[in-house]
Amino acid sequence: MHEHLSQWWSGVSLRTKITSVTVMLLTLGLLVAGFGTMSVLRTYLVDQQDSKILASVDGLSSTIRWTEDDEGDVSCSMMRVPTEYYLAVVSSNGQLLCDNKDADQQRPSVEGLSLSRVQENDGAFTLYNAERTSQWRAIASLPSNVPVTVFVGLNLDDTN
């Protein structure tokens, strides 16, 4: 087999050999440049999403109304403002109290994100929807007067 391959390679002209090596090197270079550009561009776009979310946290958080009863249980409601942002309030033990999306709309899975787990994350982080088919970039804020976590997020489908 090795001898057959050696004979075949000897029969190939020098022009064909040089052209083949050049095409392979160009292909490899284009692949490396493409992956490098894609990773840098994605990082830039995700940073832009993080900036948009951070700028909107205070404005969107003001649409939430919560009440705390005598036993310390918190309930909330929010105005249904049409927005591309996902806004959710989660109790300190990770239970979803309210959000701004209808049940049939796509949204990230925030259930189970307890207060202690949120405090481990510094800044923005990525969440998935329940089916794990879509990513969301989110920032959690902790209001000072009630033991809840407010999530503000944006879908990353366009960025990806």
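Residues numbered from 1 in each chain as written. Predicted model: local features only at pLDDT ≥ 70, side-chain atom pairs only at ≥ 80, totals over all residues. Heavy atoms only, no water.

**Thoughts on the packing of aromatic side chains**
Piece 1. Applying the stated criterion to the full structure yields three aromatic pairs.
Piece 2. Note on Trp8 and Trp9: the rings are 6.0 Å apart at their centroids and 45 degrees apart in plane angle, and the pair reads as tilted.
Piece 3. On the accessibility criterion, Trp8 (53% relative accessible area) is exposed.
Piece 4. Overall, Trp9 belongs to the partly exposed group, its relative accessible area being 43%.
Piece 5. Taking the centre distance of 6.1 Å and the plane angle of 85 degrees together, the rings of Phe125 and Phe151 count as edge-to-face. With Phe125 in strand E5 (residues 125–128) and Phe151 in strand E7 (residues 148–155), this pair connects stretches of sequence that are 26 residues apart. (Phe/Tyr/Trp six-rings, centres within 6.5 Å; stacked < 30°, edge-to-face > 60°. Buried < 20%, exposed > 50% of the residue type's maximum accessible area, 1.4 Å probe, protein only. Helix = DSSP H or I, 4+ residues; strand = E, 2+ residues; numbered from the N terminus.)

**Some thoughts on the pattern of salt bridges**
Piece 1. Considering all chains together, one arrives at three salt bridges under this definition.
Piece 2. We note a salt bridge from Glu84 to Lys52, for which the minimum N-O separation is 3.6 Å. Here Glu84, found in the loop between strand E2 (74–78) and strand E3 (86–91), pairs with Lys52, found in helix H2 (residues 14–61); they are 32 residues apart in sequence, far enough to count as distant.
Piece 3. The exposure class of Glu84 is partly exposed, given its relative accessible area of 49%.
Piece 4. Using a relative accessible area of 36% as the deciding quantity, one classes Lys52 as partly exposed. (Salt bridge = Lys/Arg side-chain N within 4 Å of Asp/Glu carboxyl O.)

All quantities given are derived from atomic positions and should not be read as evidence of function.
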